[in-house]
Amino acid sequence: MKYIILAMAFALTLSLGALTINHWQNIRFSGRNAASQMLLRTEINQSGLLANKVVYNPGSGIAEYNLSLYDAAAHTYQAAIPVGSTRRYVGLKKKSAAGNTELVPVFHEGTGLPTPAQLTKATDDALNDNGTNYYNIAADYVAFTNTRIITAVQNRGGGFPTSAKIGTVYPSYMSVIADPNSDPNDPDVIVWALAYMNVPLGGIRPGLFKITGTGSDDLVRIGNIETQIVASSNMLIMSCNIADLMADADFAAWYNVASPKFGMQTIVNKSTVVPFATTVQDKSPGAIVYPRKIYADPKASTAPKPLD
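Residues numbered from 1 in each chain as written. Predicted model: local features only at pLDDT ≥ 70, side-chain atom pairs only at ≥ 80, totals over all residues. Heavy atoms only, no water.

Within the protein, the regular secondary structure consists of 2 helices and 24 strands. For the protein, the C-alpha atoms occupy an extent of roughly 85 × 40 × 35 Å along the three principal directions. Residue burial in the protein is summarised as follows: out of 308 residues, 46% are buried. Partitioning the intrachain contacts of the protein with sequence separation of at least 6 by distance along the chain shows that 58% fall at a separation of at least 24. As presented, the protein carries roughly 15,100 Å² of accessible surface, and 52% of it is formed by carbon and sulfur atoms. Computed over 24 positive and 22 negative side-chain charges, the separation of the two mean positions in the protein equals 9 Å. (Helix = DSSP H or I, 4+ residues; strand = E, 2+ residues; numbered from the N terminus. Buried < 20%, exposed > 50% of the residue type's maximum accessible area, 1.4 Å probe, protein only. Contact = heavy atoms within 4.5 Å. Areas by Shrake-Rupley, 256 points an atom, 1.4 Å probe, with all protein chains shown as cover. Lys, Arg positive; Asp, Glu negative; His and termini not counted. Charge placed at Lys NZ, Arg CZ, Asp CG, Glu CD.)

Taken residue by residue, the protein gives an average pLDDT of 88. The fraction at 70 or more is 91%. Here residues 1-16 is a poorly scored stretch, pLDDT under 50, and it has 31 contacts once near neighbours within four places are set aside; other chains count. Scored below 50 in pLDDT, residues 304-308 makes 10 contacts in the model with residues more than four places away or belonging to other chains. (pLDDT = per-residue confidence, 0-100.)

Spatially, 2-3-4-8-7 is the arrangement adopted by the 5 strands of the open sheet, whose pairing is antiparallel. At either margin of the open sheet sits one strand with a lone partner, and together these are strand 2 (19-21) and strand 7 (68-71). Averaged over all pairs of adjacent strands, the angle between strand axes in this sheet comes to 35 degrees, irrespective of strand direction. Note: strand 2 against strand 3 (residues 24-29), 2 bridges, orientation antiparallel. Its bridge partner being in strand 3, Leu19 is matched across the sheet by Ile27. (Pairing = 2+ DSSP bridges. Axes fitted to C-alpha atoms, helices over the stretch in contact; angles between N-to-C directions.)

Given below as structure tokens:
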């Protein structure tokens, strides 16, 4: 009788059922062991990695943990993830010396806006690079559901005012979404923004906007957004319907629903009435986001079985 090892204590699922997302090749999980852990393994054939993380919520909020090199020859990385009796959603995050931060956010299972602890951090931004607290981005975050994209900006403090200096200055806070293959320096590039701003004289209120240029006529509202300010975390959370984005032909032309991917950057602006002008006060480094579900189902590991 011949034997073949189908699964060992931490045996990984066959690559036939594995998931590939860009550089994360063959993402797969082991069965659950006696310590209620599962292994995640993936191949990343990319040099110059400055950060390589798996992201999940161990119970106290979403956090990042290192993916360690398991097999250098095969470019395989591994991390142990605690699991319970139900499905656990996880994310991935990496940054190379030659590119932007890339991340798969943790899928949000709730129906309302997530709490700060349920958001995946996209990037950190340098503090004290702007003299005003609420113009100074500290970090930005992202999450997604089956129907919505959720973003958040965290500042240094001072809340998120939309008017200052007796109505002559109007701050605005934007999570900008764009085709990741577009050139950000192209003056004709089209972007979309979840924008928190309020200019009564211009009829502008918080919403989802398509931005085709720098003039006021180039700001077109295409949908509503949900917003929440969490003062204790210095955070503004915003959410838009994916359907509102897909209803725009220019967005639908590049966004692949079957394999979604978008560029994201947080921008804080200041608009003045006299003189009339809008200037960027701060912006985050930006990231490439893959809103794809990755999950581990807590199946027990199986022992080696004979092959007759």
